[in-house]
Amino acid sequence: MIKIDHLTHIFYKESTKEEVKALDDVSLEIHEGEHIAVLGHNGCGKSTLAKHLNALLLPTAGTVEVDAVDTANEADLWTIRQMVGMVFQNPDNQLVATTVEEDVAFGPENMGIEPAIIRQRVDEALDAVAMTAFKDKGPHLLSGGQKQRVAIAGIIAMRPKYIVFDEPTAMLDPIGRQEVMNTIHYLNKQEGLTVINITHFMEEAVQADRVVIMEHGKIVLSGKPKEVFTQVDLLKEMQLDIPPIAELAALLHKENKNIAADIMTIEEMVTELCLWK
Amino acid sequence: MLKDITIGQYLPGHSFLHSLDPRTKIIAVLIYMISLFVVNNFFGLGFMLLLSFVVVLTSQIPVKFFFRGIKAIIFIVSLTVILQMFMTPGEIMWQFGIFKITKEGIHQAIFMGTRLILLVSVTSILTLTTTPISLTDGIEHLLKPFQRFGVPAHELAMMMTIALRFIPTLIEETEKIMKAQAARGADFESGNLVQRAKAMIPLLVPLFLNAVKRADELAMAMEARCYHGGENRTRLKALQYTKRDYVAAVLCIGMVAGAFTSRFI
Ligand SMILES: Nc1ncnc2c1ncn2[C@@H]1O[C@H](COP(=O)(O)OP(=O)(O)OP(=O)(O)O)[C@@H](O)[C@H]1O
Ligand SMILES: [Mg+2]
């Protein structure tokens, strides 16, 4: 479990000499096997929160504990980074090596693992993201979605328990986005990894177990997608997008109370409407 | 257009040279360079020429790659040959005003020209038959003994790896920015040198800023993947000398020995 307890983070901007409170008294518990989506406007502190989960940033106040290990504990830094993997937005700027295979090996190499075991982990990781066929290719020859899958393989080769995705699909085309989301679901459902996905896409958010909405460095709303996205008025007030189907359900519900208001996906909607034939 | 630049180009293959340990190949190239400058008569030069042919054939690399390499240095070779021919003092063969060609000059010109061409051809075999990864690994290993004198072996190798990784990305980006600027009326092709240099500024500024941002993000991603320098770091493919490397070592000793002996013929 990752336990975030009254976490505050203040950036000090050298240029303007002003303080930015990027996180303001945030508390959140992330349980094993969960898939959490984090939503919020630009600059609300999502990335800052993410960087606290693997000690890329340390709290100004409050604590973050990963499996009861405090991230501020310097002696445990590499254990924490191994347990909490992180995939970033730009696929180009997180691949280090000149071939796919070598890149996936980068993490395990840093951890000082035996070559034979690295080999095994690299093969398994590439298999998990369906990129085995590309193992000898240079990263620059891959599509955006493929690069991002290689980046994910590089993380799972380190055998983490938690993976934080910071807008992993923001720079991808629809096909790439679908590939990456399928991989994320596979890891969460089949491999039992805990997933924290920061995103701007509502279609991705409705597929999570829990949705966390942030605003001005605070968590303002949190709950199951069905609980969160039915609060249409509140979301509109925050100027957040609402998943189209959820909005449609809300409108239909207003006209006809017999139609459930908490419909999130097209399939559910079809089933529901067909009852009214 | 920019994509044609191939730095440290590698050609996959299964030749004897491909299968050698990168350390063996790097040292062999150094020994080859020394031998090339040890020989001082036509017997020696012939010996080295013959050897180079054998090496080129063993590499199974299409000859056009060597011609391409030679074409790139043709200007330097010509300049060297001309300078040697006219500037070396000695027995005059032909004279026109202050220009004179000496017998020693012709001798020197042939030697320097051949040496340069052989040097470039054989060195390019090193990069053509070795993947960038094993090349940097080889350099890292060979520099390790010098670490105690402050040579940052691991850091240098990591820098080379990252440079090789990002060269194609940066080239791609340059082309993208060039197209974007050209669409807004920028002209990179015409005008004198100063005008052309000025036209490059709107190209270099975004390129540089992006590179800085990239470096920042990459550093963050590397840290997130537990990177903390070369200490206790293992490798997926550990370097390992095999029988072939010992064969190569014996051949190298033969080469230097041959080169030295030729001086006394
Ligand atoms: N290194 C930094 N130095 C100073 N201020 C920073 C730094 N990083 C982030 N901030 C500020 O902290 C706030 C939160 O930034 P953060 O990157 O966490 O937002 P975000 O929710 O991830 O936004 P986005 O959706 O754009 O990625 C912003 O106001 C930002 O300007
Ligand atoms: Mg962000």
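The structure this text deals with has already been given above.
One structure accompanies this document, and this report is about it. Fair warning: this is a prediction, and the values are worked out from it, not measured in the lab. (Residues numbered from 1 in each chain as written. Chains lettered and ligands numbered in written order. Predicted model: local features only at pLDDT ≥ 70, side-chain atom pairs only at ≥ 80, totals over all residues. Heavy atoms only, no water.)

1. Examining the site of ligand 1
All names here are of chain A.
Here is step 1: If you check the shell around ligand 1, you find 14 residues, and the closest are Asn-42, Gly-43, Lys-46, Ser-47 and Thr-48.
Here is step 2: Measuring from an oxygen atom of ligand 1, one finds a side-chain N or O atom of Asn-42 at 2.9 Å.
Here is step 3: Interatomic distance of 2.8 Å between a backbone N/O atom of Gly-43 and an oxygen atom of ligand 1.
Here is step 4: Summarising the interface, the protein chains cover 65% of the accessible area of ligand 1, which totals 640 Å² for the free molecule.
Here is step 5: Looking at the shell around ligand 1, the elements with two or more residues in it are β1 (2-13), β2 (18-30) and α1 (46-53).
Here is step 6: For the shell around ligand 1, the leading source of residues is α1, giving 3 residues. (Near = heavy atom within 4 Å. Polar contact = N/O pair within 3.5 Å; in protein donor to acceptor, adjacent residues only side chain to side chain. Areas by Shrake-Rupley, 256 points an atom, 1.4 Å probe, with all protein chains shown as cover. Helix = DSSP H or I, 4+ residues; strand = E, 2+ residues; numbered from the N terminus.)

2. What to know about the packing of helix α1 (residues 22-38) of chain B against helix α6 (residues 132-143) of chain B
Residue and element names in this part refer to chain B.
Here is step 1: Packing of α1 against α6 leaves a shortest axis separation of 8 Å and a crossing angle of 75 degrees. Between α1 and α6, the angle is such that the two are roughly perpendicular. Here α1 contributes Pro-22, Arg-23, Ile-26 and Ile-27 to the contact with α6, which in turn contributes Ser-134, Leu-135, Gly-138, Ile-139, His-141 and Leu-142.
Here is step 2: Taken together, the residues of the contact of α1 with α6 sort by class into 6 nonpolar, 3 polar and 1 charged. (Axes fitted to C-alpha atoms, helices over the stretch in contact; angles between N-to-C directions. Parallel < 35°, antiparallel > 145°, perpendicular 65-115°, else oblique. Contact = heavy atoms within 4.5 Å. Nonpolar A, V, L, I, M, F, W, Y, C, P; charged D, E, K, R; others polar.)

3. As for the sheet that holds strand β8 (residues 194-198) of chain A
Residue and element names in this part refer to chain A.
Here is step 1: Pairing is mixed across the open sheet formed by 6 strands, whose spatial order is β6-β7-β8-β3-β9-β10. Of all strands in the sheet, those bounded by a partner on one side alone are β6 (84-87) and β10 (218-223). This sheet shows a mean twist of 20 degrees between the axes of neighbouring strands, independent of strand direction. (Pairing = 2+ DSSP bridges.)

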